[in-house]
Amino acid sequence: GTIQKQRQELQLLIAELKDRDKELNDMVAVHQQQLLAWEDDRQKVLTLAERCNLLTNELNKRNEIIKSLTQHKFKELSQKVTDATAHRQALEEKNQSLHCSVLELSAKTGQLQAREQELLTMLKLKDEVILETTNYITEFTSKFKKLESALRAAKTEEFNLSKEKQDLKLRLKELVLETNKLKDDLCAKVEENNKQQEEIVHLRQENGYLRNELALAVENAKRKDQLLQFAKSKQARTDTELSNLRQIYLKQQRDLQFLHVNLESSQELRQ
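Residues numbered from 1 in each chain as written. Predicted model: local features only at pLDDT ≥ 70, side-chain atom pairs only at ≥ 80, totals over all residues. Heavy atoms only, no water.

Brief notes about the overall build of the chain
(1) Moving on: A count of helices and strands for the chain gives five helices and zero strands.
(2) Moving on: A total of 271 residues make up the chain; the buried ones form 33% of that total.
(3) Moving on: Look at the contacts in the chain between residues 6 or more apart in sequence, and 89% of them connect residues 24 or more apart.
(4) Moving on: Element-wise, carbon and sulfur atoms account for 54% of the exposed surface of the chain, whose accessible area totals about 17,400 Å². (Helix = DSSP H or I, 4+ residues; strand = E, 2+ residues; numbered from the N terminus. Buried < 20%, exposed > 50% of the residue type's maximum accessible area, 1.4 Å probe, protein only. Contact = heavy atoms within 4.5 Å. Areas by Shrake-Rupley, 256 points an atom, 1.4 Å probe, with all protein chains shown as cover.)

Let's talk about the pattern of salt bridges
Between side chains of opposite charge, a pair can form when the charged atoms approach closely.
(1) Moving on: Summed over the entire model, instances satisfying the criterion amount to eight salt bridges.
(2) Moving on: Ionic pairing is found between Asp 26 and Lys 22, a salt bridge with its closest N-O pair at 3.5 Å. Linking Asp 26 with Lys 22, this pair stays in helix 1 (residues 2-64), spanning four residues, or about one helical turn.
(3) Moving on: Close ionic contact of Glu 39 with Lys 251 constitutes a salt bridge, the shortest N to O distance being 3.4 Å. Taken together, the positions of Glu 39 in helix 1 and Lys 251 in helix 5 (residues 220-270) put the pair 212 residues apart, joining distant regions of the chain.
(4) Moving on: Overall, Glu 39 belongs to the buried group, its relative accessible area being 14%. (Salt bridge = Lys/Arg side-chain N within 4 Å of Asp/Glu carboxyl O.)

Observations regarding the side chain of Arg 42
(1) Moving on: Looking at where Arg 42 falls in the secondary structure, it is placed in helix 1.
(2) Moving on: Given a relative accessible area of 5%, Arg 42 falls into the buried group.
(3) Moving on: Look past the residues within four positions of Arg 42 in its chain and what remains in contact with it is Lys 251 and Asp 255.

Some details on the packing of helix 1 against helix 5
(1) Moving on: Across the interface, helix 1 lies against helix 5 with an axial gap of 11 Å and an inter-helix angle of 10°. Relative to helix 5, helix 1 is oriented roughly parallel.
(2) Moving on: Grouping the constituent residues of the contact of helix 1 with helix 5 by class yields 14 nonpolar, 13 polar and 10 charged. (Axes fitted to C-alpha atoms, helices over the stretch in contact; angles between N-to-C directions. Parallel < 35°, antiparallel > 145°, perpendicular 65-115°, else oblique. Nonpolar A, V, L, I, M, F, W, Y, C, P; charged D, E, K, R; others polar.)

Focus: the UniProt feature "coiled-coil region" (unreviewed entry) in the chain
(1) Moving on: UniProt marks residues 3-34 and 137-213 with the feature "coiled-coil region" (unreviewed entry), using the numbering shown here.
(2) Moving on: Its end C-alpha atoms 45 Å apart, residues 3-34 is made of 100% helix and 0% strand. (UniProt positions renumbered as here; feature names shortened; annotations may be inferred.)

Following this line, the structure appears as structure tokens:
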């Protein structure tokens, strides 16, 4: 009677697992679309950054010959500086929108992790996949924050070309405070992740007890095959997301190097 009851419960769990697996597939598809949208926004930001760099170089060249220009030329150059400032503000608004999209993506990723943790009592393989996925998402968030900080620093240099040295010092202080806040947030997320790992260890122990009881079932081999198929499906999705994240990471590294070179060039020109 106990074995029959466990069979019925196992059948219900497998049916629920199929539904959850379909939901995960749908969420992964949405995640892929959001990554594509984010990539499109990132390309736009890089294009705008390159345009800002060109405008900066043009402004430096004009500063070399400003003494020989008439009052009319001086007013024309001032108008161009105003346009460049308006363009920078538009770029900041675009970057803020991108940051909101990343936060929304992180929230949806948290929901996905919560759904996966509900199955930890049945699947040891899915425990490992969830842990790896969490680590990759944390690493991706950290890399993106570093890239965002570098982009803000580059925009700050552009802003300082039309301001006094005192404005530059104040802006740098604000960036230091913001960086410290981001570090505090990162430490909080690391602490939360450690708590989740402790909970996963406890759930794995309970999972061991459940596997010992399921060993008495006559159809154990067939059930394990079904669970293995679900795990393989999840692993395939995880590999796909990992490949996409790696490609984005490589692109971000190249973009960060490009922005770093532009930043050093702007600093040398300003000095």
